[in-house]
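Given next are the chains, with one letter for each unit.
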Amino acid sequence: DIGGFLNAEKTFIEYLIESGYTGANYDRELKSFYTFYAKEWRTINKPKFVSFLLKDSHSLAKYRVNSVLSLSPHFHRVFGIETGHKLYSALKEPLL
């Protein structure tokens, strides 16, 4: 999850820079990218399905999204995530 996301994020940021996005337009596009990522993973876990999930080796979608996004300094910046917020991670540099 994290590797694929970080590669996609890096590629998207390179595209934005090469395309001349700056300032508020750059931030708006990044917000859209993160929002799309989160929406793609959203799920409703019905009671019948929960028993299956407990046997699955993968994390629940909520944690797959929140854990990955919390590792992005770019995500922190555009959404104003600061120390003490649930999605804050002390990571100073992007992993890629």
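Now for a quick tour of the structure. (Residues numbered from 1 in each chain as written. Predicted model: local features only at pLDDT ≥ 70, side-chain atom pairs only at ≥ 80, totals over all residues. Heavy atoms only, no water.)

Structural notes on the side chain of Ser-72
Phase 1 of the analysis: Secondary-structure assignment places Ser-72 in the loop between helix H4 (61–69) and helix H5 (73–79).
Phase 2 of the analysis: At 3.4 Å, the side chain of Ser-72 and the side chain of Tyr-34 are in polar contact.
Phase 3 of the analysis: A distance of 3.1 Å separates a polar atom in the side chain of Ser-72 from the backbone nitrogen of Phe-75.
Phase 4 of the analysis: Ignoring sequence-local partners within four residues, the contact set of Ser-72 consists of Phe-5, Glu-9 and Tyr-34. (Helix = DSSP H or I, 4+ residues; strand = E, 2+ residues; numbered from the N terminus. Polar contact = N/O pair within 3.5 Å; in protein donor to acceptor, adjacent residues only side chain to side chain. Contact = heavy atoms within 4.5 Å.)

A few points about the nonpolar core
Phase 1 of the analysis: Within the largest apolar cluster, 16 residues are counted, with the highest numbers of intra-cluster contacts made by Phe-5, Tyr-26, Leu-30, Tyr-34, Tyr-37, Leu-69 and Phe-75.
Phase 2 of the analysis: Every element with two or more residues in this core is listed here: helix H1 (2–18), helix H2 (23–41), H4 and H5.
Phase 3 of the analysis: No other element matches H2, which puts 5 residues into this core.
Phase 4 of the analysis: Sequence-distant contacts of Tyr-37, that is, excluding residues within four places in its chain, are made with Phe-5, Arg-64, Val-65, Val-68 and Leu-69. (Core = buried A, V, L, I, M, F, W, Y, C linked by side-chain atoms within 4.5 Å. Buried < 20%, exposed > 50% of the residue type's maximum accessible area, 1.4 Å probe, protein only.)

Quick look at H2
Phase 1 of the analysis: Under the 1.5 Å per step criterion, the end-to-end length of H2 is 28 Å for 19 residues, consistent within 8% with the ideal 27 Å.
Phase 2 of the analysis: Among all positions in H2, only Tyr-26, Leu-30, Phe-33, Tyr-34 and Tyr-37 are buried. For H2, the arc enclosing every buried residue in end-on projection is 85°, short of the 170-degree limit, so these residues lie on one face. Seen from the buried face of H2, the exposed residues on the opposite side, beyond 90 degrees, are Ala-24 and Phe-36. (Expected span 1.5 Å × (residues − 1). Arc of directions from axis to C-beta.)

Remarks on the packing of H1 against H2
Phase 1 of the analysis: Contact pair H1 / H2: the axes reach a minimum separation of 11 Å and the direction vectors enclose 155°. The pairing of H1 with H2 is recorded here as roughly antiparallel in orientation. Crossing geometry of H1 relative to H2 is assigned as right-handed. Side by side, H1 and H2 meet where Phe-5, Ala-8, Glu-9, Phe-12, Ile-13, Leu-16 and Ile-17 of the first sit next to Tyr-26, Glu-29, Leu-30, Phe-33, Tyr-34 and Tyr-37 of the second.
Phase 2 of the analysis: Broken down by class, the residue content of the contact of H1 with H2 amounts to 11 nonpolar, no polar and 2 charged. (Axes fitted to C-alpha atoms, helices over the stretch in contact; angles between N-to-C directions. Parallel < 35°, antiparallel > 145°, perpendicular 65-115°, else oblique. Left-handed = near helix turned anticlockwise from the far one by under 90°. Nonpolar A, V, L, I, M, F, W, Y, C, P; charged D, E, K, R; others polar.)

Points about the pattern of salt bridges
Phase 1 of the analysis: Across all of its chains, the model carries 2 salt bridges by this definition.
Phase 2 of the analysis: For the salt bridge of Arg-77 with Asp-27, the shortest nitrogen-to-oxygen distance reads 2.7 Å. One end of the pair, Arg-77, is in helix H5; the other, Asp-27, is in helix H2, with 50 residues separating them in the sequence.
Phase 3 of the analysis: Owing to a relative accessible area of 44%, Arg-77 belongs among the partly exposed residues under this scheme.
Phase 4 of the analysis: Its relative accessible area of 21% is what places Asp-27 among the partly exposed residues. (Salt bridge = Lys/Arg side-chain N within 4 Å of Asp/Glu carboxyl O.)

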